[in-house]
Amino acid sequence: MTKIKAIRGMNDILPDQTPVWQYLEATIKRVVSAYGYSEIRMPIVEQTDLFKRSIGEVTDIVEKEMYTFDDRNGESLTLRPEGTACCVRAGEEHGLLYNQTQRFWYQGPMFRYEKPQKGRYRQFHQVGVEAFGMAGPDVDAELILLTAALWRELGMSDAVTLQLNSLGSNQARAEYRDALVAYLKEHFDQLDEDSQRRLESNPLRVLDSKNEATRVVLEKAPILTDYLDEESANDFRQLCEMLDAAGVHYEVNPYLVRGLDYYCKTVFEWVTEELGAQGTVCAGGRYDGLVQQLGGKPTTAVGFAMGIERLILLLETLGLVPESARQTFDLYLAAEHKGIQSDVVLLAEQLRAAVPGLRVRVHCAGLKNIATKARQTGAQAIVLVKKTEDGGLKGSLWCHDETEYDLQPEPLAERLRMLFDN
Ligand code: ATP
Ligand code: MG
């Protein structure tokens, strides 16, 4: 019989990988907490219209990447391709947005029907951060500083650069759009096929094109910066000043437009050159119009999402995962001879109780070559237990330094406490 396999582009994260995930997730959690953000958890499935109305009908995601199906009631549902729309839906539904300020973060799987490759999967994971009800560039700066703090914590500041742009108000962008379309129409024949199509449906996306000929045309195209409304220009200047003052470097990239419809004013991306074509590890911006677009009262908002798989690839590529993060247990406990396995299980219980936080793995299989087997686990410390003549237990503790201590059961807990700093 053929064996059933996982779905293409949807990966198992195996036990040798999960410690790295947990390390990254714990670091992210620490950083978002330091900025006063609260976690929100949304369902993975939403009504299809939520994404159609928010992300935009003529975006890659809605046009060709969504996992959409009818449920048994004939209602069209979609596996969430991103979290912002879900977060706005949840915030609105529970009355958390109007006339309030909120700071949320979320994490979890997202689904997009894309061509699977390194750094691009069909089920992938994002951590997203969204701030509502704050209109000024200070909160834009806060979000960017938060990401910069995360890269510092992870030791990857040198590997990522910040790209920044302002899309301006909706009106300013509309004026720019007209100017861009007029210019591109004059050069229609030089554009690649995708760009020709986008010229009708979503002309700003042409700025994203990687095609050589199109890029040449774009060099002389009108530039978004020249069309900014005064408020957007002011906010953008202030944002840049705050980043300068905080020592966060950035490149202003007038071609940065982001693929989703709902952005306005500040947009940004953190990119790396270490991961080939999938170089964007974190992306976001302001989306003041989205809450209203989804039926709520006007509410300003700004946020970003980062791709966990890409961050993990980056950590691994740069060798930035601390060895300690890979360790899933501290102590390996084994019987040296038959007849005392149940004593060992009980001793492990006593040690767990006596040394809070100590991670003990008990050997429950055959005892042949037990010392070698125990070492092969990579444990930091090993205790091999034997029975003394008077019926008590005796153990030898090996640590990674190869020193051997003879131990009585009672002082063992004390030693371990010192050893693992608990
Ligand atoms: P890209 O241009 O790489 O397709 P995107 O603009 O579609 O990215 P966003 O919707 O902004 O991506 O999502 C935010 C982040 O989520 C991305 O910067 C990336 O790190 C990650 N991401 C997006 N799509 C995928 C995917 N299919 N697989 C893995 N990570 C992804
Ligand atoms: Mg994409």
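Reading the values: rules and limits
Residues numbered from 1 in each chain as written. Chains lettered and ligands numbered in written order. Predicted model: local features only at pLDDT ≥ 70, side-chain atom pairs only at ≥ 80, totals over all residues. Heavy atoms only, no water. Helix = DSSP H or I, 4+ residues; strand = E, 2+ residues; numbered from the N terminus. Buried < 20%, exposed > 50% of the residue type's maximum accessible area, 1.4 Å probe, protein only. Near = heavy atom within 4 Å. Polar contact = N/O pair within 3.5 Å; in protein donor to acceptor, adjacent residues only side chain to side chain. Areas by Shrake-Rupley, 256 points an atom, 1.4 Å probe, with all protein chains shown as cover. Pairing = 2+ DSSP bridges. Axes fitted to C-alpha atoms, helices over the stretch in contact; angles between N-to-C directions. Contact = heavy atoms within 4.5 Å. Salt bridge = Lys/Arg side-chain N within 4 Å of Asp/Glu carboxyl O. Domains from an automatic or database assignment.

What follows deals with the side chain of S396. Following the sequence through the fold, S396 ends up in strand β15 (residues 393-399). Residue S396 is classed as buried on the basis of its relative accessible area, which comes to 5%.

Lining the immediate environment of ligand 1, one finds 15 residues, of which R112, E114, R120, R258 and T280 sit closest. A distance of 2.8 Å separates an oxygen atom of ligand 1 from a polar atom in the side chain of R112. Here an oxygen atom of ligand 1 and a side-chain polar atom of R310 are 3.1 Å apart. Surface burial for ligand 1 is 86%, taken as the share of its 580 Å² of free accessible area covered by protein chains. Within the residue set of the shell around ligand 1, elements represented by two or more residues are β6 (123-132), β10 (280-286) and β11 (301-307).

We now examine the sheet that holds strand β3 (residues 67-70). The strand order across the open sheet formed by three strands is β2-β4-β3, and the pairing between neighbours is antiparallel. Pairing within the sheet leaves two strands with one partner each, and these edge strands are β2 (45-47) and β3. Direction aside, neighbouring strands of the sheet carry axes that sit 35° apart on average. The strands touched by helix α2 (residues 48-55) are β2, β3 and β4 (76-79); relative to β2, the strand with the most contacts, the crossing angle is about 75°.

With that out of the way, let us pick up the sheet that holds β10. Strand-to-strand pairing in sheets goes through backbone hydrogen bonds, with the strands running parallel or antiparallel. An order of β1-β5-β6-β11-β10-β9-β7-β8 is seen for the eight strands of this open sheet, with the pairing classed as mixed. At either margin of the open sheet sits one strand with a lone partner, and together these are β1 (38-39) and β8 (251-252). Pairing geometry for strand β5 (residues 102-111) and β6, over ten bridges, is antiparallel. In the sheet register, F111 faces β6, and the bridge partner there is Q123. The strands touched by helix α4 (residues 84-93) are β5 and β6; relative to β6, the strand with the most contacts, the crossing angle is about 45°.

Summed over the entire model, instances satisfying the criterion amount to 24 salt bridges. Linking E39 and R41 is a salt bridge whose minimum nitrogen-to-oxygen distance equals 3.1 Å. Connected through salt bridges with shared partners, the residues D60, K64, R198, R205 and D208 form a single ionic network.

This part is about the domain arrangement of the protein chain. Segmentation of the protein chain into domains returns domain 1 (17-168 + 228-318) and domain 2 (328-420). Measuring from the centre of the C-alpha atoms in domain 1 to the corresponding centre in domain 2 gives 47 Å.

The element strand β12 (residues 331-335) is largely enclosed, with a buried count of five among its five residues. Residues L331, L333 and A335 line one face of β12 and the alternating positions Y332 and A334 line the opposite face, and both faces are buried. By the bridge criterion, three bridges tie β12 to strand β13 (residues 360-362) in an arrangement that is parallel. Within the sheet, the bridge partner assigned to Y332 lies in β13 and is R361. For β12 and strand β14 (residues 381-387), the ladder comprises five bridges, and the chain directions are parallel.

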